[in-house]
Amino acid sequence: QKEVEQDPGPLSVPEGAIVSLNCTYSNSAFQYFMWYRQYSRKGPELLMYTYSSGNKEDGRFTAQVDKSSKYISLFIRDSQPSDSATYLCAMDTGNQFYFGTGTSLTVIP
Amino acid sequence: DTGVSQNPRHKITKRGQNVTFRCDPISEHNRLYWYRQTLGQGPEFLTYFQNEAQLEKSRLLSDRFSAERPKGSFSTLEIQRTEQGDSAMYLCASSSSLLEGETQYFGPGTRLLVL
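Note that the structure is predicted; figures quoted are calculated from it, not measured.

1. Looking at the environment of Ser20 of chain A
All names here are of chain A.
Step number 1: Among the structural elements, Ser20 can be located in strand E3 (residues 19-25).
Step number 2: For Ser20, a relative accessible area of 35% corresponds to the partly exposed category.
Step number 3: Here the alpha-carbon distance between Ser20 and Ser73, two residues 53 residues apart in the chain, equals 6.7 Å.

2. Points about the sheet that holds strand E1 (residues 5-7) of chain B
Residues and elements named next belong to chain B.
Step number 1: Taken in spatial order, the four strands line up as E1-E3-E8-E7 in an open sheet, and their pairing is antiparallel. Only two strands of the sheet have a single partner each, and these edge strands are E1 and strand E7 (65-68). The mean angle between the axes of side-by-side strands here comes to 15 degrees, regardless of whether they run parallel or antiparallel.
Step number 2: Here three bridges tie E1 to strand E3 (residues 19-24), and the two strands are oriented antiparallel to one another. Bridged to Asn7 within E3 is Arg22.

Calculation criteria
- Residues numbered from 1 in each chain as written.
- Chains lettered and ligands numbered in written order.
- Predicted model: local features only at pLDDT ≥ 70, side-chain atom pairs only at ≥ 80, totals over all residues.
- Heavy atoms only, no water.
- Helix = DSSP H or I, 4+ residues; strand = E, 2+ residues; numbered from the N terminus.
- Buried < 20%, exposed > 50% of the residue type's maximum accessible area, 1.4 Å probe, protein only.
- Pairing = 2+ DSSP bridges.
- Axes fitted to C-alpha atoms, helices over the stretch in contact; angles between N-to-C directions.

Now the structure itself:
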């Protein structure tokens, strides 16, 4: 079983839709949870990080962590064509990062 | 630009040749990480440094791979006797162990193609 599981998609939505991206994990030692956005042929760019269960909001993005269910989500409101990218979840034990495989998102104008 | 930089951005080489990549982290970051990413996969951890000390290496890092960070600033990743399976994007990231959360910031990557 992989440390982090993420549905690879691809996911295609119309502009303005609410997008939900999810990851599950198995390691209770994960302390920090991050979402990265990666455009084609570029390095990952940090979007959000959180370290506790609950919600964290930043503009159109909301990160949600449920440690009891070992489940994290990223919600994108009012999605835009510029949001089209691969979204990677990442988790940190303190010494090592583990990434999901990434979900490919396309927002259609 | 004060972000993480990597050079070269692209490298094409023939099987059996040696290649070396360079990473310059964010200047105040004391931790530096190397990852490998193949198409459709998330980054896979290779190794990391705290200052000049290499603290952890993945089992993915075969003896053909070596990384250094001689003065605790920039780092190099060398692959000897390259194989076609080494073709991938090699990503470098840096972070500060002094900051809560220790979020990693990535460079643009070096794309390696072994023919």
